[in-house]
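One letter stands for each residue in the lines below.
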Amino acid sequence: MRYAQGGGLTAERRHFRERIRYEAGERFTHGERTAVIAKDLRVSERSVERWRRAWREGGMGALASAGPPKLPKLPDSQFAELEKELARGRPRTVGRTSGGPSPGAER
């Protein structure tokens, strides 16, 4: 799963993907074609093109993992409040939600 409950990839999966990018970077230095690299590494050509662009602009360092995603900006107290509201279930709608008459309303 791409976005696990904690968000983003696991550290192991990030490391694996970083190794793939570094392997592509090594192959860039040998002038290999994008399509060949993509096929061998079992990734899309678009990904390889993106990596090649980053490599041209920043070298092998540009292919390094950016690390885990940033932590949420909500403080724990707000998360707790959100969890309480979600646990209460779906809120009942007050008033009409569409342009038509309410069920049972006189016309």
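Conventions we followed
- Residues numbered from 1 in each chain as written.
- Predicted model: local features only at pLDDT ≥ 70, side-chain atom pairs only at ≥ 80, totals over all residues.
- Heavy atoms only, no water.
- Helix = DSSP H or I, 4+ residues; strand = E, 2+ residues; numbered from the N terminus.
- Contact = heavy atoms within 4.5 Å.
- Patch = residues over 30% accessible without salt bridge, like charges linked within 9 Å, V, L, I, M, F, W, Y side chains within 5 Å.
- Areas by Shrake-Rupley, 256 points an atom, 1.4 Å probe, with all protein chains shown as cover.
- Salt bridge = Lys/Arg side-chain N within 4 Å of Asp/Glu carboxyl O.
- Buried < 20%, exposed > 50% of the residue type's maximum accessible area, 1.4 Å probe, protein only.
- Expected span 1.5 Å × (residues − 1).
- Core = buried A, V, L, I, M, F, W, Y, C linked by side-chain atoms within 4.5 Å.
- Axes fitted to C-alpha atoms, helices over the stretch in contact; angles between N-to-C directions.
- Left-handed = near helix turned anticlockwise from the far one by under 90°.
- Nonpolar A, V, L, I, M, F, W, Y, C, P; charged D, E, K, R; others polar.

Our next topic: the environment of G25. Relative to the assigned elements, G25 resides in helix 1 (residues 11-29). In this structure G25 touches W55, M60 and L63, once residues within four positions along its chain are discounted.

A separate point is a nonpolar patch on the surface. Residues L74, L82 and L86 make up a contiguous nonpolar surface patch of about 280 Å² in total accessible area. Among the structural elements, L82 can be located in helix 4 (residues 76-87). Look at L82 and you get partly exposed, because its relative accessible area is 39%.

Between its first and last C-alpha, helix 1 extends 27 Å over 19 residues, near the 27 Å set by a 1.5 Å rise per residue. Among the residues making up helix 1, those that are buried are R14, E18, I20, R21, A24, G25, R27 and F28. Directly beyond the C-terminal end of helix 1, a positive phi value near 75° is found at G31.

One finds I20, A24, F28, I37, A38, L41, V48, W51 and L63 forming the largest nonpolar core, which totals nine residues. Looking at this core, the elements with two or more residues in it are helix 1, helix 2 (34-41) and helix 3 (45-58). Sequence-distant contacts of L41, that is, excluding residues within four places in its chain, are made with I20, E23, A24 and R27.

Going through the model one piece at a time under the given rule, you end up with four salt bridges. For K84, the salt bridge identified is with E81, shortest N-O distance 3.5 Å. Of the two residues, K84 and E81 are both situated in helix 4; the distance of three residues between them amounts to about one turn of the helix. Each member of the salt-bridge network shares a partner with another, and the members are R27, E32 and D40.

This part takes up the packing of helix 1 against helix 2. Two measures define how a pair of helices packs: the angle their axes make with one another and the distance between the axes. At a minimum axis distance of 11 Å, the contact between helix 1 and helix 2 shows a crossing angle of 150°. For the crossing formed where helix 1 meets helix 2, the hand is right-handed. Here I20, E23, A24, R27 and F28 of helix 1 come into contact with helix 2, specifically with V36, I37, D40 and L41. Of the residues that constitute the contact of helix 1 with helix 2, the class distribution is six nonpolar, no polar and three charged.

Although it is not a glycine, R42 adopts a positive phi angle of roughly 60°. As for its placement among the helices and strands, R42 is situated in the loop between helix 2 and helix 3.

Geometry only, nothing functional implied.
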